[in-house]
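Fold and contact review
Listed below are the residues making up each chain.
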Amino acid sequence: MAVRVALRNKCGFSGFLLQLSYGSRQGRVCASPVIAAQQRNNSTTTNIKVDFDQSTGVAVMYMQSPPVNSLSLDFLTEFCINLEKLEMDKSCRGLIVTSSQPKVFSAGLDIMEMYGKSPEHCGEFWRAVQEMWLKMYSSNMATIAAINGSSPAGGCLMSMTCDYRIMADNPRYSIGLNETQLGIVAPFWFKDTIINTVGHRTAEMALELGLLFSPSEALKIGLVDQVVPEDQVLTTATQAMTKWLAVPDHARQITKSLMRKPTLDKLTSSREADIQNFVSFITKDSIQKSLRVYLEMLKKRKG
Amino acid sequence: MAVRVALRNKCGFSGFLLQLSYGSRQGRVCASPVIAAQQRNNSTTTNIKVDFDQSTGVAVMYMQSPPVNSLSLDFLTEFCINLEKLEMDKSCRGLIVTSSQPKVFSAGLDIMEMYGKSPEHCGEFWRAVQEMWLKMYSSNMATIAAINGSSPAGGCLMSMTCDYRIMADNPRYSIGLNETQLGIVAPFWFKDTIINTVGHRTAEMALELGLLFSPSEALKIGLVDQVVPEDQVLTTATQAMTKWLAVPDHARQITKSLMRKPTLDKLTSSREADIQNFVSFITKDSIQKSLRVYLEMLKKRKG
Amino acid sequence: MAVRVALRNKCGFSGFLLQLSYGSRQGRVCASPVIAAQQRNNSTTTNIKVDFDQSTGVAVMYMQSPPVNSLSLDFLTEFCINLEKLEMDKSCRGLIVTSSQPKVFSAGLDIMEMYGKSPEHCGEFWRAVQEMWLKMYSSNMATIAAINGSSPAGGCLMSMTCDYRIMADNPRYSIGLNETQLGIVAPFWFKDTIINTVGHRTAEMALELGLLFSPSEALKIGLVDQVVPEDQVLTTATQAMTKWLAVPDHARQITKSLMRKPTLDKLTSSREADIQNFVSFITKDSIQKSLRVYLEMLKKRKG
């Protein structure tokens, strides 16, 4: 499968990103690459904790970046490194992604990575978002999102890359690609992913209006596959995984590639253009202003 | 957005069509281009009345071509001119399309434009149908169809070009692409539009059988988005519009283009071939005979 | 319609296949091509019985290959010859496919044609599977599957080629593309067919997990169109056919081609590559081992 090979060739890049971002941020608990490396050995980095059960072949990846698991450059870099490690471990057949933070799965892309930043930084950030999507959407592992909190924008995208989605039945949680509400636009591969998940018409309305769906609404339109009581999300995911692992890996993997390769190929064949496109859009004065308005609204809510 | 630019470049063509068709028909109230131009200033042409509320940025376009808003060459030309005017008016952000005629939204393409006419006329007519679809499906305005009556064939197509569809709950009304029932065939871009709206399988069965759906059936398959009591269609459309206008225009417009451009491009890149195809099909003896049978059936119904 | 022409050009091939397979199998009732030809005249071959009602223009094709209508090379060859005969008979407008075997519509591809066979044989077999799909999916006749029993894998594929599917409401019956459960992979045109039928997301989950659906589940996801009591499957199919035949043939046929041609073209333009791909996959040691395990499991069940 050409896709996997192409992605593997990029693993050097992820390491490069990691050094850069660790080098450029001060005051973090594990600013040293040496300590970070040790933590990776026991499968915990700053933002990600991995529990891998060798007996079942299933890893659980906990996102633990307070307060809301924003997908920052650091976060995405660590996420991809952990993912790559599991992907290359033949004994790991299934991956469950969930959150350690209360009330939120992931709040989506970290706006601070796009606001007031240089074009170079924005481009680097966008490449990391692409990388997360490419790695997850093409993963050879069976992947399940245990959505134990709200999951807007990039959080929704991450959920949709999985093979199966289970969401907590708390009506205060919501999920959706709400980018337009912020004045920004979900790029074509976000769009392709949601079309593949809920169909063209539902995707069109959801994207244009930037809709956030309650768990029961999300279930109805097929944005999630199952809704369960909040305290049963992870156990249900573990049970569901046994069904996915009952299928011979090679047959499931080839079938998954058959379903997803056309969508993946569209981005892999136009990554640089997509980055250019994002950078020129996000660095526009009008878009920066939209982001500032949004950030100020967020501040007021907290205050 | 290349599509809009391409469409704008064609506005000279619409005016040309208007003159031609006004010139070729006698006995109409406003046969003179001069009077037609005055009417356009106050936003009423023979077949179309436009109420534009500057305070909300929403225009309502009433189709008022007795008895059933048939999409004739005249009608389509006026429709496109009115649409183009609104499109170019930056203060107009939303468009509601509805009918002034009782019991019918639009009866679809005017068969008299295809029966016993020269190939040139048929080609001119078809270009106007294409133009309506291209303009509506790519509109930068938020568009809502307030379907206050039956909407077969071309009427259904026009509804489907909108961003949102609200239909009166009268079970005597129906909507669908019923072309095959008349012995004719909905072309590829009608087909693409209904696939985008209700999905491949439902579209396949609906098109092959030429199905007309009751409002509740149409709601169930997603051909319309909402069904309300007959006297609330327009007010519901106005309320729904506020939700669409709450989204920043540029984000909604780029997203809409992202969703619809591939479908639009298929026709823009093959307009002439599509016209040729239509003309050679519709001028066949066997098809002309089908149309005659259908017209005679219509006459008997009335009689 | 280019597709039909292309298929017609291949009819010599089908006869060739028939001779070969009849020649290579001993002890069959009609091992002689002469007897087989006579049977074809009265519309019964070894595995297929055809009742053609001239008055209605509807043929019923009964699959009668004990015990489970496995799609062997012989079976598929006869199926395609019978289909071709009906297709070329202008008076035959509708085709109902059903089973004479109790409890099963068709068990799908005959594994014995892929297990322990030469690459040449596997390739010949695969070409026959392609031929069945191409002929059925592009048929000019209105086609209805009267699914009066279980219909896994290739049986499900055959059902999905029809214009309409009616299934017996017996909860012990199931339908689906369960290839991955056997360690094999449904090729791209199986995948395209199920996407066209149930949509991308449902197809993805159904294919990756190799799901078999009960009649009511199949109805819910749109894999079948109607579920009726077991003894009413064929009469319901006959009634449904009148609706399909009420549409003018040429309009229905062109519309069907419009809907299905892109999917058909993908295989017709890559048939040889698809055969190569299948042969190199199925003759792998690991896949042959999977098939042996599956066959041994089947034997134990019977024993």
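Below is a summary of the structure that appears in this document. Bear in mind the structure is a predicted one, so any value in this text is a computation, not a measurement. (Residues numbered from 1 in each chain as written. Chains lettered and ligands numbered in written order. Predicted model: local features only at pLDDT ≥ 70, side-chain atom pairs only at ≥ 80, totals over all residues. Heavy atoms only, no water.)

Turning our attention to the overall build of chain A. A tally of helices and strands in chain A yields 13 helices and ten strands. Looking at the 303 residues of chain A, the share that counts as buried comes to 59%. Taking as baseline every contact in chain A between residues at least 6 positions apart, the subset at least 24 positions apart corresponds to 76%. Counting only carbon and sulfur atoms, one obtains 56% of the accessible surface of chain A, whose full area is about 12100 Å². (Helix = DSSP H or I, 4+ residues; strand = E, 2+ residues; numbered from the N terminus. Buried < 20%, exposed > 50% of the residue type's maximum accessible area, 1.4 Å probe, protein only. Contact = heavy atoms within 4.5 Å. Areas by Shrake-Rupley, 256 points an atom, 1.4 Å probe, with all protein chains shown as cover.)

A few words now on the interface of chain C and chain A. Residue-level contacts link 21 residues of chain C with 19 residues of chain A. At the boundary of chain C with chain A, total buried surface from both sides reaches about 1800 Å², with 65% on carbon and sulfur atoms. If you sort the residues of chain C by the area they bury against chain A, Arg201, Glu208 and Leu209 of chain C come out on top, with a joint share of 38%. Here chain C is connected to chain A by two salt bridges. The residue Arg201 of chain C makes a salt bridge to Asp225 of chain A at a minimum N-O spacing of 2.8 Å. (Buried area = accessible area lost by both parts, 1.4 Å probe. Salt bridge = Lys/Arg side-chain N within 4 Å of Asp/Glu carboxyl O.)

Attention now moves to the relation of the copies chain C and chain A. When chain C is fitted onto chain A, the two copies agree to an RMSD of 0.0 Å after a turn of 120° and an axial shift of 0.0 Å. Such a combination of turn and shift is consistent with a three-fold rotation axis. Closest approach to the rotation axis among the C-alpha atoms of chain C is made by Gly199 of chain C, whose C-alpha sits 4.2 Å away. (Least-squares fit on C-alpha atoms with pLDDT ≥ 70 in both.)

Before going further, it helps to examine the packing of aromatic side chains. If you walk through the whole model with that rule in mind, you get 24 aromatic pairs over all chains. Plain terms: the ring middles of Trp133 of chain B and Trp189 of chain B are 5.3 Å apart, the flat faces sit at 50° to each other, and that makes the pair tilted. In this pair, Trp133 of chain B is assigned in helix H5 (residues 119-137) and Trp189 of chain B in helix H7 (residues 188-198), connecting sequence segments 56 residues apart. Here Trp133 of chain B matches Trp189 of chain B in class, with each residue buried. An aromatic cluster is built from Trp126, Trp133, Tyr137, Trp189, Phe190 and Phe278 of chain A, whose rings are joined through pairwise contacts. A cation sits over an aromatic face here: Lys49 of chain B above Tyr62 of chain B, 4.8 Å from the ring centre. (Phe/Tyr/Trp six-rings, centres within 6.5 Å; stacked < 30°, edge-to-face > 60°. Lys NZ or Arg CZ within 6 Å of the ring centre and 35° of its normal.)

Time to look at the pairing of strand S2 (residues 58-63) of chain B. Residue and element names in this part refer to chain B. Among the six residues of S2, six are classified as buried, and the element is accordingly described as predominantly covered. Residues of S2 alternate between two faces, with Val58, Val60 and Tyr62 on one and Ala59, Met61 and Met63 on the opposite face, all of them buried. Sheet topology note: the strand S1 (residues 48-53)/S2 ladder contains six bridges and is antiparallel. Bridging across to S2, Asp53 finds its partner in Val58. Hairpin connection, S1 to S2: the antiparallel pair is bridged by four residues, and Gly57 has positive phi, about 75°. As paired elements, S2 and strand S3 (residues 94-99) share six bridges and run parallel to each other. The residue bridging Met61 from the neighbouring strand is Val97, located in S3. With helix H4 (residues 73-88) bridging S2 and its parallel neighbour S3, the resulting β-α-β unit is right-handed. (Pairing = 2+ DSSP bridges. Right-handed = clockwise from strand over helix to strand, strands pointing away.)

Now for the sheet that holds strand S8 (residues 164-168) of chain A. Residues and elements named next belong to chain A. Taken together, the six strands give an open sheet; going across it, the order is S1-S2-S4-S6-S8-S10, and neighbouring strands pair in mixed fashion. Either end of the sheet is taken by a strand with one partner, and the two such strands are strand S1 (48-53) and strand S10 (226-228). The average angle at which neighbouring strand axes cross in this sheet is 20°, direction not considered. Of the strand pairs in this sheet, strand S4 (residues 94-99) and strand S6 (residues 142-147) are connected by four bridges, and their pairing is parallel. Across the sheet, Leu95 pairs through a bridge with Thr143, a residue of S6. (Axes fitted to C-alpha atoms, helices over the stretch in contact; angles between N-to-C directions.)

Our next topic: the interface of chain B and chain C. Taken residue by residue, the interface counts 21 residues in chain B and 19 residues in chain C. When the area that chain B buries against chain C is broken down by residue, the three leading residues are Arg201, Glu208 and Leu209 of chain B, summing to 38%. Across the chain B-chain C interface, the total number found is two salt bridges. Here chain B is connected to chain C by seven residue pairs in polar contact (both at pLDDT 80 or more). Only H7, helix H8 (200-209) and helix H13 (285-302) of chain B provide two or more residues apiece to the side of chain B that touches chain C. (Polar contact = N/O pair within 3.5 Å; in protein donor to acceptor, adjacent residues only side chain to side chain.)

This part takes up the pattern of salt bridges. Overall, the coordinates contain 48 salt bridges over all chains when judged by the stated rule. Note that Glu204 of chain A is salt-bridged to Arg260 of chain B, the shortest N-O span being 2.7 Å. With Glu204 of chain A in helix H8 (residues 200-209) and Arg260 of chain B in helix H11 (residues 249-268), this residue pair bridges two chains. A relative accessible area of 4% places Glu204 of chain A in the buried class. Its salt-bridge partner being Asp192 of chain C, residue Lys266 of chain C comes within 2.8 Å of it at the nearest N-O pair. Here the residue Lys266 of chain C occupies a position in helix H11 (residues 249-268), and Asp192 of chain C occupies one in helix H7 (residues 188-198), the gap between them amounting to 74 residues.

Let's shift gears to the side chain of Ser139 of chain C. Mapped onto the fold, Ser139 of chain C is located in the loop between helix H5 (119-137) and strand S6 (142-147). The contacts of Ser139 of chain C, once residues within four sequence positions are left out, are Glu87 and Lys256 of chain C.

Here the focus is the packing of helix H4 (residues 73-88) of chain C against H5 of chain C. Residues and elements named next belong to chain C. Interaxial distance between H4 and H5 falls to 9 Å at its minimum, and their mutual angle equals 30°. The angle between the axes of H4 and H5 places the two elements in the roughly parallel class. Considering only the axes of H4 and H5, their crossing is left-handed. Listed contacts from H5 to Leu73, Leu76, Phe79, Cys80, Leu83, Glu84 and Glu87 of H4 are His121, Glu124, Phe125, Ala128, Val129, Glu131, Met132, Lys135 and Met136. A per-class count over the contact of H4 with H5 returns ten nonpolar, one polar and five charged. (Parallel < 35°, antiparallel > 145°, perpendicular 65-115°, else oblique. Left-handed = near helix turned anticlockwise from the far one by under 90°. Nonpolar A, V, L, I, M, F, W, Y, C, P; charged D, E, K, R; others polar.)

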